[in-house]
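Topology and contacts: notes
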Amino acid sequence: MSLGESTTETPAPKPLFEPSPTPRMPASEIFLIILAMVLVFGGFYMMGLAFSVPEWAFWLFGGGIIVDAIGFWVAFGIIPSREK
């Protein structure tokens, strides 16, 4: 074969979309992530609200800390420990 000739063989085209080697995230895990976000930000809101309601300040701030703790527990305790 000389330099001017072209080959008739073309390499096999690569697939446009290859399947991902990692599985998709299940809907229950997405729900848990959204729940954790709502709990954490809701706890921050409760703690901030405590400064505008002096008669309930202790209970709102304490409740906010508890809600934050539950939200962080869901985010860093429950979600990673689930079996894949």
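Refer to the structure above for everything that follows.
Okay, so let's go over this structure. Note that the structure is predicted; figures quoted are calculated from it, not measured. (Residues numbered from 1 in each chain as written. Predicted model: local features only at pLDDT ≥ 70, side-chain atom pairs only at ≥ 80, totals over all residues. Heavy atoms only, no water.)

**Things to note about the overall build of the protein**
Convention followed: Each helix is a run of H or I in the DSSP string that is no shorter than four residues. Each strand is a run of E no shorter than two, and both are numbered from the N terminus. For every residue, the accessible area obtained with a 1.4 Å probe (protein chains only) is divided by the maximum for its type, and the residue is called buried under 20%, exposed over 50%, and partly exposed between those limits. Residues count as neighbours in contact if any of their non-hydrogen atoms are within 4.5 Å of one another. Calculation of accessible area relied on Shrake-Rupley with a 1.4 Å probe; when residues are assessed, cover is drawn exclusively from the protein chains displayed.
Counting its regular elements, the protein contains two helices and zero strands. Burial analysis of the protein (84 residues in total) assigns 17% to the buried set. Look at the contacts in the protein between residues 6 or more apart in sequence, and 55% of them connect residues 24 or more apart. Surface accessibility of the protein: about 7300 Å² in total, with carbon and sulfur atoms responsible for 72%.

**With respect to the packing of aromatic side chains**
Heads up, the condition is: Working definition: rings of Phe, Tyr and Trp (its six-membered ring) pair if their centres are within 6.5 Å, and the pair is stacked with planes under 30 degrees apart, edge-to-face with planes over 60 apart, and tilted otherwise.
Tallied over the entire structure, the rule returns four aromatic pairs. Where Phe51 meets Phe61, the ring centres are 6.2 Å apart and the plane angle is 70°; that geometry is what we call edge-to-face. Here Phe61 lies in helix H2 (residues 57–81) and Phe51 lies in the loop between helix H1 (27–49) and H2, a separation of 10 residues in the sequence. On the accessibility criterion, Phe61 (33% relative accessible area) is partly exposed. Taking 5.1 Å as the distance between ring centres and 80° as the angle between the ring planes, the aromatic pair formed by Phe58 and Trp59 counts as edge-to-face. When sorted by exposure, Phe58 lands in the same class as Trp59, which is exposed.

**Quick notes on H1**
Put simply, the rule is: Working rule for helices: expected span equals 1.5 Å times residues minus one.
If you check H1, its first and last C-alpha atoms are 32 Å apart, about what 23 residues at 1.5 Å a residue would give, namely 33 Å. Turning to H1, its buried residues number three or more, namely Glu29, Leu32, Ala36, Val40, Gly43 and Met47. The inward-facing, buried residues of H1 contact H2.

**Quick notes on the environment of Gly63**
Along the chain, the position of Gly63 falls in helix H2. Judged by relative accessible area, which is 18%, Gly63 ranks as buried.

**Topic: H2**
Selection rule: Each residue is assigned a bend, namely the angle between axes fitted to the seven residues that terminate at it and the seven residues that start at it.
With 25 residues, H2 extends 35 Å between its outermost C-alpha atoms, agreeing within 8% with the 36 Å of an ideal straight helix rising 1.5 Å per residue. Along H2, the largest kink reaches about 35° and is centred on Val74. Among the residues making up H2, those that are buried are Leu60, Gly63, Gly64, Asp68, Gly71, Val74 and Ile79. Buried-residue contacts for H2 involve H1.

**Observations regarding a nonpolar patch on the surface**
As a reminder of what qualifies: Without a salt bridge and with relative accessible area above 30%, a residue can belong to a patch; like charges are then joined within 9 Å and nonpolar side chains (Val, Leu, Ile, Met, Phe, Trp, Tyr) within 5 Å. The rule for a salt bridge is simple: a side-chain nitrogen of Lys or Arg has to be within 4 Å of a carboxyl oxygen of Asp or Glu.
Taken together, Met25, Ile30, Ile33, Ile34, Met37, Val38, Phe41, Phe44, Phe72 and Phe76 make up a surface patch of nonpolar side chains, about 1000 Å² in accessible area. Every element with two or more residues in the nonpolar patch is listed here: H1 and H2. Ranked by residue count, the leading element in the nonpolar patch is H1, at seven residues. Residue position: Phe41 is located in helix H1. In this structure Phe41 comes out as exposed when scored by relative accessible area, which is 53%.

Read these as geometric descriptors, not functional statements.
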